[in-house]
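Letter by letter, the chains look like this.
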Amino acid sequence: MIEINNLSKTFKTADDTIEALKNVSLSIEDGDIFGIIGMSGAGKSTLVRCINMLERPSEGSVIMDGVDLGKLSDKELRAARREITMIFQGFNLLMQRNCLKNVCFPLELAGMSKPAARARALELLDTVGLKGKENAYPAQLSGGQQQRVAIARALATSPKVLLCDEATSALDPTTTNSILELIRDINEKLGITVIIITHQMSVVESICRHVAILDSGEVAEVGEVGEVFSHPKTPAAKKLVFPEGGSEAIAACEGQYFIRVVFNGAETTGKPLIASMAQQEGLVANIFYASTRSIGEKVYGSMLLSFESRDAAQKACVFLKDNDGVLAEEVNRQ
């Protein structure tokens, strides 16, 4: 378990002091996939660098399995970092080394023999779907393949925690989905705790079980993804979760009654859900806003629907909530 307690981080510049993090407290259970999301400048990357002590917190603590990482000696911290590995947006591969040697690198640093390191690296390249690419250099690989090498390298020391700092931001949507599927598979098979730093709502929706929303260095909301995304409470959370179709737009629509529908892993079907509602219940909705995507056979995202009567809106909520992976609630126009 990772416990972040009252963590703050300030940076001093020539002219000012910047508070990047302010009293951040989070608990991340073993084996979880935990998302940390926020707008640019919210403090996400600073937080992930504090978790593995690449940045020393100004105040507070990071405790992993009962050990306060901030109190470890440099030698002890280097050993601890073998259990807390990291992948980045820019892959950070050694361009002069082929795939095999990139994955071998942390094993060699840990003192493993070359034959043992080679065997382990080949096994990991197979795990991430790059069997046969061991002699290829990073420049010969696609972005998605490079990130797979980075993941294999991160897994080399059998870590307990994998930190992903905007790891899919440089990838196209299809490649992003394949990398997220790989991370989910690794989490399930190896039981590794995954912490994902991202500004992409789709990443959190598709893979994370819990999420914390950062706003100006503070935790605005934290909880299960389905709960936070369906019932955001703070302005920061609402801005992230529902960037369009917000309260101001709703308030301008007199005589309309709104519900928000959140798809959190609903099964895709051959018949659209909104069309089924109209046919079966006679409830005709105007789609005020929609942002949904299919990942595999699951649907994620949200819709804002309007109705001409509150009774119709309430009946629509009842109908929609009867479907697994679908959350629906009335939206206050104020």
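Now for a quick tour of the structure. (Residues numbered from 1 in each chain as written. Predicted model: local features only at pLDDT ≥ 70, side-chain atom pairs only at ≥ 80, totals over all residues. Heavy atoms only, no water.)

Some thoughts on helix H5 (residues 143-155)
With 13 residues, H5 extends 19 Å between its outermost C-alpha atoms, agreeing within 8% with the 18 Å of an ideal straight helix rising 1.5 Å per residue. The buried fraction of H5 amounts to eleven of the 13 residues, a majority that puts the element mostly inside the structure. Listed in full, the buried residues belonging to H5 are Gly144, Gln146, Gln147, Arg148, Val149, Ala150, Ile151, Ala152, Arg153, Ala154 and Leu155. Buried residues belonging to H5 abut strand S6 (84-88), helix H3 (99-109), helix H4 (114-127), strand S7 (161-165) and helix H6 (173-190). (Helix = DSSP H or I, 4+ residues; strand = E, 2+ residues; numbered from the N terminus. Expected span 1.5 Å × (residues − 1). Buried < 20%, exposed > 50% of the residue type's maximum accessible area, 1.4 Å probe, protein only. Contact = heavy atoms within 4.5 Å.)

Observations concerning the packing of H3 against H4
With their axes 9 Å apart at the nearest point, H3 and H4 run at an angle of 120° to one another. It follows that H3 is oblique to H4 by the angle criterion. Pair H3 / H4 crosses with right-handed handedness. Contacts from Cys99, Leu100, Val103, Cys104 and Leu107 in H3 reach Ala117, Arg118, Arg120, Ala121, Leu122, Leu124 and Leu125 in H4. (Axes fitted to C-alpha atoms, helices over the stretch in contact; angles between N-to-C directions. Parallel < 35°, antiparallel > 145°, perpendicular 65-115°, else oblique. Left-handed = near helix turned anticlockwise from the far one by under 90°.)

Looking at the sheet that holds strand S5 (residues 67-68)
Strand order in the open sheet formed by four strands is S2-S1-S4-S5, and the pairing between neighbours is antiparallel. A strand with exactly one partner marks an edge of an open sheet, and here the two such strands are strand S2 (17-28) and S5. Of the strand pairs in this sheet, strand S4 (residues 59-64) and S5 are connected by two bridges, and their pairing is antiparallel. Each bridged residue has a counterpart across the sheet, and for methionine 64 the counterpart in S5 is valine 67. Along the sheet, helix H1 (residues 44-51) makes contact with strand S1 (2-12), S2 and S4, crossing S1 at roughly 120°. (Pairing = 2+ DSSP bridges.)

Points about the pattern of salt bridges
All told, the structure shown has eleven salt bridges when counted by the stated rule. The closest approach of N and O atoms between arginine 184 and glutamate 181, which form a salt bridge, is 3.0 Å. Here arginine 184 and its partner glutamate 181 are both found in helix H6, three residues apart, which amounts to about one turn of the helix. Under the relative-accessibility criterion, arginine 184 is labelled buried at 17%. The exposure class of glutamate 181 is partly exposed, given its relative accessible area of 39%. With a shortest N-O distance of 3.3 Å, aspartate 185 and lysine 189 are connected by a salt bridge. Note that aspartate 185 and lysine 189 are positioned in helix H6 at a spacing of four residues, about one turn of the helix. Look at aspartate 185 and you get partly exposed, because its relative accessible area is 28%. When salt bridges that share partners are traced, they join Lys9, Arg49 and Glu55 into one network. (Salt bridge = Lys/Arg side-chain N within 4 Å of Asp/Glu carboxyl O.)

Quick look at the sheet that holds S7
Read from one edge to the other, the open sheet built from six strands follows the order S6-S7-S8-S3-S9-S10, with strand pairing classed as mixed. In this open sheet, the two strands that pair with only one neighbour each are S6 and strand S10 (218-224). Within this sheet the neighbouring strands show an average axis-to-axis angle of 15°, counted without direction. Where strand S9 (residues 210-215) meets S10, six bridges bridge the pair, whose relative direction is antiparallel. If you follow valine 211 over to S10, its bridge partner there is glycine 223.

Examining helix H12 (residues 310-321)
With twelve residues, H12 should cover 16 Å at 1.5 Å per step; its first-to-last C-alpha distance of 17 Å lies within 8% of that length. Along H12, the residues that are buried comprise Ala312, Ala313, Ala316, Cys317, Phe319 and Leu320.

Overview of the environment of glutamate 205
One can find glutamate 205 in helix H7 (residues 201-207). When the C-alpha atoms of glutamate 205 and leucine 93 are compared, they prove to be 28 Å apart, with 112 residues separating the residues in sequence.

Side note on the nonpolar core
Ranked by size, the top nonpolar core spans 52 residues in total, and within it Ile87, Ile151, Cys164, Ile196, Ile207 and Phe229 carry the most contacts. Once you skip the residues sitting within four places of it in the chain, phenylalanine 229 turns out to touch Met201, Val204, Glu205, Val211, Val241, Phe242 and Val262. Core analysis: the next-biggest nonpolar cluster, separate from the first, contains 29 residues, Val24, Val62, Ile84 and Met86 among them. (Core = buried A, V, L, I, M, F, W, Y, C linked by side-chain atoms within 4.5 Å.)

So, the packing of aromatic side chains
Taken as a whole and assessed by the stated rule, the structure comprises one aromatic pair. Seen from their ring centres, phenylalanine 258 and phenylalanine 288 are 5.1 Å apart, and the 80° between their planes marks the pair as edge-to-face. Remark: phenylalanine 288 occurs in strand S12 (residues 286-295) and phenylalanine 258 occurs in strand S11 (residues 257-267); sequence separation between them is 30 residues. Overall, the relative accessible area of 2% leaves phenylalanine 258 in the buried class. The exposure class assigned to phenylalanine 288 is partly exposed, which follows from its relative accessible area of 30%. When the ring centre of phenylalanine 11 is taken as reference, the NZ or CZ atom of lysine 9 above it lies at 5.1 Å. (Phe/Tyr/Trp six-rings, centres within 6.5 Å; stacked < 30°, edge-to-face > 60°. Lys NZ or Arg CZ within 6 Å of the ring centre and 35° of its normal.)

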